[in-house]
Amino acid sequence: MEIVLVGLNHRTAPVEVRERVSFTAEQARRASEELRSKGILEETLVLSTCNRSEVYGVPPEASRECAPGLSTFLSEFHAVRMDVLGVSLYHHYDREAVRHLFRVAAGLDSMMLGEAEILGQVREAYRAAHEQGGTGPVLNRLFQGALEAGKRVRTETELGMRPMSVASAGVKLAERIFGKLDERSALVLGAGTISEQVIGQLRDRGIARLFVMNRSKERADGLANQYGGEVLPWGDWERALPVPDVIVSSVATEEPVLRRELVEQAMAKRGNRALFVMDLGLPRNIDAGVGKLYNVYVYNMDNLSEIVAQNRHARENEIPKADSIVEQHVGKFLSWQASVELAGLVNELRTRMREERAQFIHARVESIQHLTSADRAHVEKLMDEMLESLLLEPAQRLRGEKDLRRKIHNVEALRDLFLSNREKP
Amino acid sequence: MHYALFISTAVGYALSFALYLIFLNTGKALTGRLGTLLLAGGLVTHYFALLERSRGLHTVPYHDLYGSMSLFGWLLALTYLGLELYHRQRSVGALVLPFILVFFVAAHLAPADKLSPPDAHGPTFAFHVALSILAYSAFALSFVLSLLFLGEERLLRNHQLGDVVWRLPPLELLERMSRSSVLVGLVSITIGTALGFLWVDRLSDKYSFYDPKYAITLLVLLLYLAYFRLARTTAWRGARASKLCVFNFVIVFLSFTVVNFYLSHSHRYF
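What comes next is a walk through the structure. (Residues numbered from 1 in each chain as written. Chains lettered and ligands numbered in written order. Predicted model: local features only at pLDDT ≥ 70, side-chain atom pairs only at ≥ 80, totals over all residues.)

Focus on the sheet that holds strand β4 (residues 90-93) of chain A
Residues and elements named next belong to chain A. Overall, antiparallel pairing links the four strands, which are arranged β2-β3-β1-β4 in an open sheet. Each edge of the open sheet carries a strand with a single partner, namely β2 (43-49) and β4. Taken over all neighbouring pairs, the strand axes of this sheet differ in orientation by 15 degrees on average, direction set aside. One ladder, built from six bridges, connects strand β1 (residues 4-9) with strand β3 (residues 52-58); its direction is antiparallel. Along β3, the bridge assignment pairs G7 with E54. Packed onto the sheet, helix α2 (residues 25-37) meets β2 and β3 and runs at close to 150 degrees relative to β2. (Pairing = 2+ DSSP bridges. Helix = DSSP H or I, 4+ residues; strand = E, 2+ residues; numbered from the N terminus. Axes fitted to C-alpha atoms, helices over the stretch in contact; angles between N-to-C directions. Contact = placed C-beta atoms within 7 Å.)

Here you go:
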C-alpha cells in the first residue's frame, strides 16, 4: 500500500520539456492502462496541466524500487531521452507524495500562488481515472483527501482571494465600484493580447455588453466574434463613450487616446454615472486630467501592478495557514492508511499464530498419551482463547486510537519483525 | 430579570459585532451569518428588556433619557437588520454595531431624568414618538453608510487599497443602501410628524402651538427630501450626495440634542 509519485513541474522543467511530457486526456488514459498492464503500478492516476505532468500510483512492491521503472516508462511514452527528462523529474514516496498532492490541490505549488483552476484540474483528473478504473482504494482515498484539503484551504484562507494579474485586478476593482457586472457594459480600446485577457476576465465576471474599438477593424471583429461583443468604428467617441461603465485601453500610441475634454463631455451625457477606466497602454492612453473628473476612477498599469504586488505579498502571508491545513489532511490520510495496513498485519499475525499453535499441538501435545481427543480439543480451544486475548487489545487500540496509528510509521518493519520468515503478501 | 435581559442583550450585540468584524476581515460567510443571528437574538432580548422596564415603571420607554436612548438603539438595530436582509450585504455590520452597542450601554449610564407626563397618552402619541425615533435611527444608518461611501471612494480614487477595501460593499450598493435607509426615515418622520400634529391638535387648548422642534423637523424633512431627489441627478450623484447626507445628519443630531434639551418644551427625549 505504498504511494509513489513521479513528475515534473514549472520549477523543475523548462517549458520545452513540459510541453513534450504533457498528457492529453487520451494519452493519460493510455499511459495509465499501460502502467497497470505492465505491472509497474496497481493503481494509477495521471495529472497533467499546463505547468505539471505527474503520475501517481500504488506499486505492487516497495515504491522506491518502482520509481526508476516509472521514469523509464515516461521517457519511452513521450519519446524524450532519459538524460533530458531525468534531470527534471522528481520522485516522492508515501508521506512526501501525499503532502505534495495536497499542496498541489491547495494551489500552494502553482506558478501563480493560490490559483483556483488547479483544484478543478485535480478533480477532473481524478474523475477521469476513477471512471477508467485506474484508481483503487488507496488513490480514491488519497484524491478525495486532496480535494477536501484544497477546498478547505480555499474557504479558510485568503490564498486565492485577491487578484494576481493586472487584468483580474482591474476587473475586481470595477466590482468595488459597481458590484456585480452582469448589468454593466464595457468598452475595450485595442485588440491585442492584454485587451483579450481583460475581455476574458470581464466575460468570466458576466459583463452584460461588450464593445470593441480598434484601428484595425479585422482584429476588432475577430475579438468581438470570439467573445460575443460589438465592434464600434475607431474614433466614434461621441457614440462610444457615454454608454459603458468600464473602459479598458491598451493601444500603442504616442498621444493619449482619451483626452480630458472628451471624457468630460461624455460624463455630462451619461449623467455623471461612475466610470472606471483601466489604462493598460504604455505610454499611457488616458490623459492624466481624466482621473481628476468627478466620478471617474482611472487606474494605469503602475497602479494595477502595485495592487498585484500587494496581493502577492498578502497571499504569501497565508502560506503557513494553508500549510497547516494541508498537514492536518496529510495526517488524516496517513492515519487511515496506517489503520488499513495495521488491520492487515493483525490478521496475518493471527493466521500465523494459529498455524504455530497447530504445529505446537501436533509436535508436543499429541505425544502426551493420557490426553483424550476431547482434552486435546479443550487445550486447543484454551490456546486459541489466549492468542485471541493477546491480539484483541492491540487490534482494538489500533482501531480506536488515531495517535497510536500515527506513531507507527513503518508497518513493513513490524511485518519483518513478526512475520520475518514468511513471504510478504 | 431586567439585569439578565440587559446582560444577554449586551453580550448578543457584542458577539455580533465581533463576528461582523471577523467577517469583514476574513470574508467567511458562516461568521457573517452567525453575526446576523446574534444581532437578531440581541434585538429580541433588547425588546423584552424595554418591555420589562416599561412594565416595571408603568410608563413608555421614551419617558426618560434611558428609555429613549435604548429605544433608539433598538430601532437602529432593527433598521440595519432590515437593510442587511433586503440588500444581502453584511460588510456594514461591523460599522453599525458599535453605534447600537454604545446607545444600548450609554442608556444605562444616563442620569435619572424624567419628562413630566403628557396630559393624554394613547396610540397616536405612541406612534408619533416611535416613528420619530425610527426616523432618527434610519437617518443615523444612512449617515454611517454615507461616511463609509466617502471613505471607500477616497481610497479608490487615490489608489490606496488596503486589506479592508476588498471586503467593503461596492460604492453603488452603499449608495442604494443609504437611499433605502433615508426612504425609511422619510416615511417614518412624515407619518410620525403628522401624527404629532394630530395629537397636539386634540390638545390645542392646553399646548401652545409653536415649538422650535417643529421648525427643525420640517428642515430635516426638506433636507432629506432634497438628498433623495439630488442623489440621482447628474451634478450630485456619488460623493456629493453622500456629503449632503452627512450634513443632514448633523442637523438631525442637533435636533435630537440641542433642540430637544434646550429649546423644545415637549420633545425632551424624542
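Moving on, there is more to tell.
Points about the nonpolar core
Membership of the largest hydrophobic core comes to 119 residues, with the highest contact counts inside it found for V188 and V277 of chain A together with F139 of chain B. No other element matches the 18 residues that helix α5 (residues 123-157) of chain B contributes to this core. With sequence-adjacent residues up to four places away left out, V188 of chain A is seen in contact with S195, V198, I199, L210, F211, V212 and V248 of chain A. Residues C66, F102, V138 and A149 of chain A belong to the second largest nonpolar core, which totals 51 residues. (Core = buried A, V, L, I, M, F, W, Y, C linked by C-beta atoms within 7 Å. Buried ≥ 20, exposed ≤ 12 C-beta atoms within 10 Å, placed from the backbone.)

A short note on the sheet that holds strand β6 (residues 209-213) of chain A
All names here are of chain A. Taken in spatial order, the six strands make up an open sheet running β7-β6-β5-β8-β9-β10, and their pairing is parallel. In the strand order of this sheet, the two ends are held by β7 (230-232) and β10 (296-300), each with one partner. Recorded for the sheet is a direction-independent mean angle of 20 degrees between the axes of neighbouring strands. When strand β9 (residues 275-279) meets β10, the two strands line up parallel, connected through five bridges.

Focus: the interface of chain A and chain B
At the junction of the two partners, chain A supplies 18 residues and chain B supplies 15 residues. For the side of chain A that touches chain B, the secondary structure elements donating two or more residues are α8 (166-178), β10 and α13 (301-317) of chain A. Tallying contributions element by element places α8 of chain A first for the side of chain A that touches chain B, with four residues. Broken down by class, the residue content of the side of chain A that touches chain B amounts to nine nonpolar, five polar and four charged. (Nonpolar A, V, L, I, M, F, W, Y, C, P; charged D, E, K, R; others polar.)

Structural notes on the environment of R20 of chain A
Residue and element names in this part refer to chain A. Examined against the element boundaries, R20 turns out to sit in helix α1 (residues 15-21). Placed 55 residues apart in sequence, R20 and S75 show a C-alpha to C-alpha distance of 10 Å. Those residues in contact with R20 that sit more than four places away from it in its chain are H78 and V80.

Describing helix α10 (residues 217-227) of chain A
Residues and elements named next belong to chain A. Within the span of α10, buried status applies to A220, L223 and A224. Relative to the axis of α10, the buried residues are bounded by an arc of 100 degrees and lie together on one face. Residues of α10 that are exposed and point more than 90 degrees away from the buried face comprise E218 and N225. Each element contacted by the buried residues of α10 is listed here: α9 (193-204), β6 and β7. Positive backbone phi, approximately 70 degrees, marks G228, located one or two places after α10. (Arc of directions from axis to C-beta.)

Quick look at the environment of G229 of chain A
Residue and element names in this part refer to chain A. Relative to the helices and strands, G229 resides in the loop between α10 and β7. Each C-alpha atom of the pair G229 and M353 lies 76 Å from the other, and the pair is 124 residues apart in sequence. When sequence neighbours within four positions are dropped, the list of residues in contact with G229 reads L210, F211, V212, L223 and A224.

Re the pairing of β6 of chain A
Side-chain positions along a regular strand alternate between the two faces of the sheet. Residue and element names in this part refer to chain A. With four of five residues buried, β6 is to be regarded as a mostly interior element. With respect to chirality, the unit in which strand β5 (residues 185-189) leads through α9 into the neighbouring parallel β6 is right-handed. Relative to β7, β6 runs parallel, the two sharing three bridges. When the bridges of β7 are listed, F211 appears paired with E230. The parallel pair β6 and β7, bridged by α10, forms a crossover whose chirality is right-handed. (Right-handed = clockwise from strand over helix to strand, strands pointing away.)

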